[in-house]
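Residue strings, one per chain:
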Amino acid sequence: MARIYDRRNIRWGPNQLASLLMLNNAKFLPGFLLFSLVLINFPTASAQGNIRPFYPLYFTAQPKNAIVASGRSVTLNCTVMSASQPVTLRWLRGQSEVDTSNSNFVHLSNGALRINSVTRTEQGSYHCTAEDTRGKMIISQDAVLSIASLSSNIPSPEDVSVYEGDTARFKCQATGTPRPRISWQKDGSVLDLTMEIIASRFALLPSGALEIRNIRSIDGGSYRCQATNDVTGQTVTSRTASLTVVNGLPDPNREFEFIVNPQDVEARIGRNIVLEAATTEPAAFTWFKDDEEIVLFTGQDHYSIVGQGSLRISDLGEIDTGLYRVRASSGADGSTLTKTVRITAQVPPSFLVKPEDAHANVGNPFTFKCSVYGIPHPDVRWFKNGEEIDTSDTNIFRLVNGQNLQISQLIKEDDGTYQCVASNYVENVKETIEAAAELIVLDEGPATGPVPSKPRQLTASRILAQSVTAKWREPTTKNGEIQSYRIHIQAEGAKRQRIISVPGNRLQWEIDDLVSQTTYNIYTYAVNENGPGERSETLTIETQGVVQVPGSPQNLVALADSATSIYVSWEPPSSTFGDIQNYQLYYADLGTGQATREQEIQVTDTSYTVTGLSPYTRYGFRVEAFNENGPGPSSETIEARTFTDKPTSPPSNVTARPFSASSILLSWNLPPTSQRNGDITGYKVRYRLLENSDRAKTIVVDGILREFILSELERDSEYEIRIGAVNVNGTGPFTDWIPSKTLRDDQNEDNQPPPPAYLEVTSYPTKIQVRWGHPRDTSILVRGYMLGYGIGYPDRKIKELSSTTTDYMISNLQANAQYVIRLRAFNLKGEGFSLYETVYTRQDSSSGTTSPPEVLKTPLELRAVIKSASSALLSWADMEEGCCDGRHYQFMYKANYPANQKWFYVNTTDLTYALNGLQPYTMYEFKVRVVKDEAISGWSMITSNKTYQAAPTSAPKELTIYEVENSTTSLQLNWQPPRQSNGIITGYTIYYSTDATLPIEEWIEIDLEGEDLTTIIPSLTQDTMYHFRIQGHNVKGDSPISGIVSDTTPPGPPILVTAIPPDPITGAAAFPWWLWLVIVATIFLLLLLAILIVLCLVCGCCACCASCCPDSDCCGPFGPCCGALARCWTSMCPCCCSDEEECAKCCASLCCGATCCVCFGQQYKEKRKFQPKGKVNANGKIGNELDAPDLLWAKGGQSSDRDMTKSPLATELEPLNPGGGVDQHRGGMHETEFGTGKRHNQDMHMGGVPGYDYATSPRSLHLNQPPYMYSSTTATSGYHSDTNTVSSHEDSTSQMSSVSRPTNPLSSFTVPGPPPHYQGRVKMNAPTYSPLKKTQAGFGTAPRGRGQPLPVVTPRAPDVTVTRGPGGGTSPTSSARTFSAEDLNAEMINLEGLMKDLNAITASELQS
């Protein structure tokens, strides 16, 4: 039963509205005056052109879903606003009207429906309808009425036995409407899960399950759940289940598995959901969303862990939709389990664009816009005056984009109220919304001038069952150019008619899609620039009925005959209904995607060869048979492809651009489809230097490629390139030569690419053509372009394009809409600067006129106040606030690091918004704009702020272990910071143990600085398995501890390694800087000391020589520094003397720690004449026939062997002149030197005496060689020109000694006996002196003489002359004077006497 809903029974016209204002309250008088000014032209406007005003009709309250207890009452609201009173309201349950005569249903005066007692028979879907006096009707959304219920029996929880540390889980599968509230009891007492001590290990999950983690022995007992229906208060308790805690250790081989697997979840946005996950043994859980690890940190309220490893998502949003994967890692052996599930955030339907009231002219197409958003995608239905519109008849009504209602050609009957009703199911409950708009269809307006007269002689020809051809003649009077003709056709009894617009130059038109055996009325009229003319007479026709036509041809076959022909054959129809007059063969090129564009061939036979086709092209063929009644049904369509041929066209859109200093990037598209003539298997690329165009190189490229890099080119050189397509039949034509030039310098990716050179857009009704240029800076590599576009803001959709693309056509767009285009280049460094363009797509000529979008002002004063580590409060100012015009605000936010972060969008109607779910310690960018229908303001200025720090929510990653070189007791650990550090890492803690099952508190800990990413763990046990874990810290707390990573120290003897922290970059052990400094300083001091020693040696030696031989340049370049170092080592150089007297003085000094002197005076030369015959050796020195033996150098009172070739001088003891007296031996001689020489000579005389013991004799010298006699010859590199004798004055520094073998004085001179061989060193016995005597001078120092030294007369040896040989060499010759053995013996006896005298003199001199 309907109820008249009449508010004061007032029609809502302008005058009635004014009266209402006056009657209600006199205080409205000022408002009435203003309102009257607004409506003053309302009646006038309505009168002009018979344009009827709009009368609003819409719901202000609609029924909503309800759950009530059985027997209770419920009220479903339904109130309406209408300017046309009264309004009739009706209630329907399903499709049946509610019988309000039943006392259980009461239709209230405000339009609501009250049900006094709800039983199961009253359950169902309810909605109301409202109809005004004009016949306009709207329907409300559906409301589902349900009775609260609770299952009487709960499936019993199962008994559980677990080990300590494991996780236990009890199920409670209670069902009811609404979902019952679950509580748990342990041993009969309620578990208060709000207590922190209980909530730390006990968790109640949304499914009702109770989960207990880290089981302890005290957890054992009985458990049961209780379900409560909050509507009825009814409760149900389950059976008791026991929890048994098993003592001991679990079986190491037990299976690690999920106790409960995560399940797919579909939930309403704003809900709190839990993805339940638990395992049979302790494990570490990691959650991922779309393969990105989910950040979990303290203080975050969006993601959190519940129970052992279940993921809780608070305030579910659309952004949470996606694939979630859980990874559980066993704490025992590190094995893992994974499970992937999907979360779908369901969104109730909401209007983005609502239909609006509109006027439209008869005959024009019109579109009602209705854009609805929801998840799942809402189902959209359209209603006219309360009746659902059948959109399956696409000739009249059809849905555009699944939501907009398009009316092909308006007629007067289309006038009415239209409703867009959208619905979807959220959590299995139907959600419905509706919006209404009124369409007023206007007759074509009055003519503005002379119009055409009526068309003449309207006739119909070729009337068939489903079509008719209408013909007419031009009007007698055109009154201008005929723009079009309008044909109206309507079936008898139909409610609406079709209107067909025909071009003005056509005088016939085939009307199809008719119904057979149906009567139609047809008329037409012409339209010129002034308006529609007179209509013609009405023509009535009747379509034919179904006639007997042939059946379809059978067994149609098509076979390729060549690259340009296909042979087609078929069999006649099984039923011909008379003779077959002919066949109609239809074929079309299917490669163009336009199969309806067929070619016709009339064939009288049952086969035909179609020629003139394109190579390697797919064609479709069908055949119709004709008899006298017309064509029969078509055969099935078959396809055939012609043979291949060489390509007849080169590749298209070929571009060549520099890629580097030695390469060019060549890109192209396939040749046109019709000219490929087969599958393209490759491409031939030819290129040449422009300066050497006679020599071109050819490269074959794979056919699947669309770009290729020509490499190994010359730097900064111009090239020409051409390309041809290749298939199995050969190579097609090449393109023209395309110039390009290599770069001067190579491109790099050190920076993001610069913006494109320009951006151009061209709009069409449903397309936008975008063109751009490559960046002008060619030094930075571009890998591609990102093209984003969308209504109002970019990047609703993003298209990734190649680096060679410079144009793109965006299609499937909305007409007359504002699109924002964003283009940027990208490389491995990220996206570069963007170029933006805003463009309106053109007005679609097939839709009604719409006004341009409203211009909105940009919001100002956008602020972002950080409230926590995961939330911020946004606020802004709207310059047009308070308009209440359906505007809302849309703001975008993103993290500004790393690059390429996505923008997230949020819609709100408030000027503030509390944004949650942000990442800690992250800088965010925010911007906002105003949206009203399709009008969108510009974006505000971007504001930025950084969220606070929070404790790390992920463990340090990539913990790896390496062996330390040459160590069996150390291991090196490397790691990376946590992925979600949520702040600055201030330190790390390394945990290690040999037992992975120990609690973490019992592991050994090592604390490190936050900058450390590597360390060496020393003092480990060799050949032992160690387990390591790591934890990070920041100022807000600790991160989770990483999983266990294990390794074994090497076997073998321990080698300790100092734990020097490795270099954080190279991983090598870092050497302390101070140790490097010590090493460098030590090396410097050693070098300095070596230099000083060398200088001391050199300068000391040369200073000694310079003092002895002032005429010679001994010091050379060291002369300037020798003065300062002359005293450092004056005994390092032998002396050089020119006569016997100086030689005696020189021999009294210590040179190089030995008594050595070189005499080359005249007396010395004379004495050399008596030397035995010798010869000149290889160095030009004089020696005897035998090689010179080693000299005896006395150093430090000992004897040593010196190689003559290495010593600067050769020394020997020369016999003194007989009768020379002892004074010739006093010239500064040491007693030690001459005493030793004397004893030496004495020992020589005793060498042949049997029984004489040299080793025990107190006066003996123990030598390491026989006591030879030494003779010294001084030679120079020059000779006297007049005598050919050896010069003694030219180069005193170039000396070499030759040594003759001594003879035993008691044996023959000519046949010397073998000398005895002595082993060991010479031991010298120091003489005993009285303590009252003066101390003897030290070895190597000059003696202290009291008087002038006595002259020493040295016996001179006979001179030896040197004669030149025939080769220019020299050879010694004896002088005329020779000595016999007797003479030598006499000289030796005399020498012994002289030595005795010398020893006596020396001893007395020292004692004095």
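Residues numbered from 1 in each chain as written. Predicted model: local features only at pLDDT ≥ 70, side-chain atom pairs only at ≥ 80, totals over all residues. Heavy atoms only, no water.

**What about the state of the cysteines?**
Reasoning step 1: According to the stated counting rule, one finds 3 disulfides in the structure shown.
Reasoning step 2: The partner cysteine of Cys172 in its disulfide is Cys225, sulfur to sulfur 2.1 Å. With the S-S bond torsion at 75°, the cross-link from Cys172 to Cys225 turns out right-handed. Of this pair, Cys172 sits in the loop between β15 (168-170) and β16 (176-177) while Cys225 sits in strand β21 (residues 221-228), and the two are 53 residues apart along the sequence. One exposure class covers both Cys172 and Cys225, and it is buried.
Reasoning step 3: The side chain of Cys370 participates in a disulfide bridge whose partner is Cys420; the two sulfur atoms lie 2.0 Å from each other. Across the S-S bond of Cys370 and Cys420 the torsion is about -75°, and the bridge reads as left-handed. Of this pair, Cys370 sits in the loop between β35 (366-368) and β36 (371-375) while Cys420 sits in strand β41 (residues 416-426), and the two are 50 residues apart along the sequence. Of the two residues examined, Cys370 and Cys420, each falls in the buried class. (Disulfide = S-S within 2.5 Å. Helix = DSSP H or I, 4+ residues; strand = E, 2+ residues; numbered from the N terminus. Buried < 20%, exposed > 50% of the residue type's maximum accessible area, 1.4 Å probe, protein only.)

**Topic: the pattern of salt bridges**
Reasoning step 1: Going through the model one piece at a time under the given rule, you end up with 29 salt bridges.
Reasoning step 2: A salt bridge links Asp290 to Lys289; the shortest N-O distance between them is 3.1 Å.
Reasoning step 3: A residue is classified by how much of its surface remains accessible, and Lys289, at 16% relative accessible area, is buried.
Reasoning step 4: Put simply, Lys454 and Glu537 hold a salt bridge, and the shortest N to O gap is 2.7 Å. Here the residue Lys454 occupies a position in the loop between β42 (429-442) and β43 (456-461), and Glu537 occupies one in the loop between β49 (531-535) and β50 (539-542), the gap between them amounting to 83 residues.
Reasoning step 5: Judged by relative accessible area, Lys454 falls into the partly exposed class, the value being 34%.
Reasoning step 6: Judged by its relative accessible area of 44%, Glu537 falls in the partly exposed class. (Salt bridge = Lys/Arg side-chain N within 4 Å of Asp/Glu carboxyl O.)

**Thoughts on the packing of aromatic side chains**
Reasoning step 1: According to the stated counting rule, one finds 23 aromatic pairs in the structure shown.
Reasoning step 2: Look at Trp570 and Tyr583: their rings are 5.6 Å apart centre to centre, the planes differ by 70°, and that puts the pair in the edge-to-face class. Of this pair, Trp570 sits in strand β52 (residues 566-571) while Tyr583 sits in strand β53 (residues 582-589), placing them 13 residues apart in sequence. Tyr583 shares its class with Trp570; the two are buried.
Reasoning step 3: When the ring of Tyr687 is compared with that of Tyr719, the centres are 6.4 Å apart and the planes differ by 50°; the resulting orientation is tilted. Note that Tyr687 is positioned in strand β61 (residues 682-689) and Tyr719 in strand β64 (residues 718-727), a separation of 32 residues in sequence. The pair formed by Tyr687 and Tyr719 is uniform in burial state, with each residue classed as buried.
Reasoning step 4: Over the ring of Phe288 we find Arg325; its NZ or CZ atom is 4.3 Å from the centre of that ring.
Reasoning step 5: Over the face of the ring belonging to Tyr616 we find Arg641, whose NZ or CZ atom lies 4.6 Å from the ring centre. (Phe/Tyr/Trp six-rings, centres within 6.5 Å; stacked < 30°, edge-to-face > 60°. Lys NZ or Arg CZ within 6 Å of the ring centre and 35° of its normal.)

**A closer look at unusual backbone geometry**
Reasoning step 1: With an omega of -5°, the peptide bond running from Thr177 to Pro178 counts as cis.
Reasoning step 2: Among the structural elements, Pro178 can be located in the loop between β16 and β17 (181-186).
Reasoning step 3: In this chain, Ile375 is followed by Pro376 through a cis amide linkage whose omega measures 0°.
Reasoning step 4: Secondary-structure assignment places Pro376 in the loop between β36 and β37 (379-384).

**Focus on the sheet that holds strand β68 (residues 768-772)**
Reasoning step 1: Taken in spatial order, the 3 strands make up an open sheet running β67-β68-β71, and their pairing is antiparallel. Two strands bound the open sheet, and with one partner strand each, they are β67 (759-763) and β71 (807-810). Averaged over all pairs of adjacent strands, the angle between strand axes in this sheet comes to 15°, irrespective of strand direction. (Pairing = 2+ DSSP bridges. Axes fitted to C-alpha atoms, helices over the stretch in contact; angles between N-to-C directions.)

**Side note on the sheet that holds strand β47 (residues 508-511)**
Reasoning step 1: Strand order in the open sheet formed by 3 strands is β43-β44-β47, with antiparallel pairing between adjacent strands. In the strand order of this sheet, the two ends are held by β43 and β47, each with one partner. Averaged over all neighbouring strand pairs, the angle between strand axes comes to 20°, with direction disregarded.
Reasoning step 2: Bridge count between strand β44 (residues 468-473) and β47: 4 bridges; the pairing is antiparallel. Bridge assignment links Thr469 to a residue of β47, and that residue is Glu510.

**Considerations on the nonpolar core**
Reasoning step 1: Grouped together as the largest cluster of nonpolar side chains are 26 residues, with contacts concentrated most on Phe368, Val372, Trp382, Tyr418 and Leu439.
Reasoning step 2: Here this core takes 5 residues from β42, the largest share from any one element.
Reasoning step 3: If sequence neighbours within four positions are ignored, Leu439 has contacts with Ala358, Ala360, Phe366, Phe368, Ile407, Leu410, Asp414, Asp415, Gly416 and Tyr418.
Reasoning step 4: In this structure, Ala168, Ile212, Ile215 and Leu243 belong to the second largest nonpolar core, which totals 23 residues. (Core = buried A, V, L, I, M, F, W, Y, C linked by side-chain atoms within 4.5 Å. Contact = heavy atoms within 4.5 Å.)

**What to know about the confidence of the model for the chain**
Reasoning step 1: Chain-level pLDDT for the chain is 75 on average; 71% of the residues reach the 70-or-more range.
Reasoning step 2: Note on residues 1054-1059: pLDDT under 50 across the span, and 16 contacts to partners over four residues away in sequence or across chains.
Reasoning step 3: Contacts of residues 1064-1069 to residues separated by more than four positions or lying in other chains number 9 contacts, the stretch itself having pLDDT below 50. (pLDDT = per-residue confidence, 0-100.)

**Concerning a nonpolar patch on the surface**
Reasoning step 1: Together, Trp1073, Trp1074, Leu1077 and Val1078 make up a nonpolar patch on the protein surface, roughly 510 Å² of accessible area in all.
Reasoning step 2: With respect to the helices, strands and loops of the structure, Leu1077 is situated in helix α6 (residues 1073-1108).
Reasoning step 3: The class of Leu1077 is exposed, set by a relative accessible area of 54%. (Patch = residues over 30% accessible without salt bridge, like charges linked within 9 Å, V, L, I, M, F, W, Y side chains within 5 Å. Areas by Shrake-Rupley, 256 points an atom, 1.4 Å probe, with all protein chains shown as cover.)

**A look at the side chain of Thr841**
Reasoning step 1: Relative to the helices and strands, Thr841 is located in the loop between β73 (830-840) and β74 (860-866).
Reasoning step 2: For Thr841, the side chain forms a polar contact with the main-chain nitrogen of Asn816, separated by 2.8 Å.
Reasoning step 3: One polar contact links the side chain of Thr841 to the main-chain amide nitrogen of Ala817, over a distance of 2.9 Å.
Reasoning step 4: For Thr841, the residues in contact, after removing those within four places along its chain, are Ser763, Tyr764, Pro765, Lys767, Ile768, Leu813, Gln814, Ala815, Asn816, Ala817 and Tyr819. (Polar contact = N/O pair within 3.5 Å; in protein donor to acceptor, adjacent residues only side chain to side chain.)

**Comments concerning a negative patch on the surface**
Reasoning step 1: Taken together, the side chains of Asp995, Glu1001, Glu1002, Glu1005 and Asp1007 define an acidic patch exposed on the protein surface.
Reasoning step 2: Among the structural elements, Asp995 can be located in the loop between β84 (987-993) and β85 (1004-1009).
Reasoning step 3: Since its relative accessible area comes to 31%, Asp995 is described here as partly exposed. (Lys, Arg positive; Asp, Glu negative; His and termini not counted. Charge placed at Lys NZ, Arg CZ, Asp CG, Glu CD.)

**A word on the environment of Ile709**
Reasoning step 1: Among the secondary structure elements, Ile709 is positioned in strand β63 (residues 707-710).
Reasoning step 2: Taking the C-alpha atoms as reference, Ile709 lies 8.7 Å from Ser667; in sequence the two are 42 residues apart.
Reasoning step 3: Aside from chain neighbours lying at most four places away, what touches Ile709 is Phe659, Ser663, Ile664 and Leu665.

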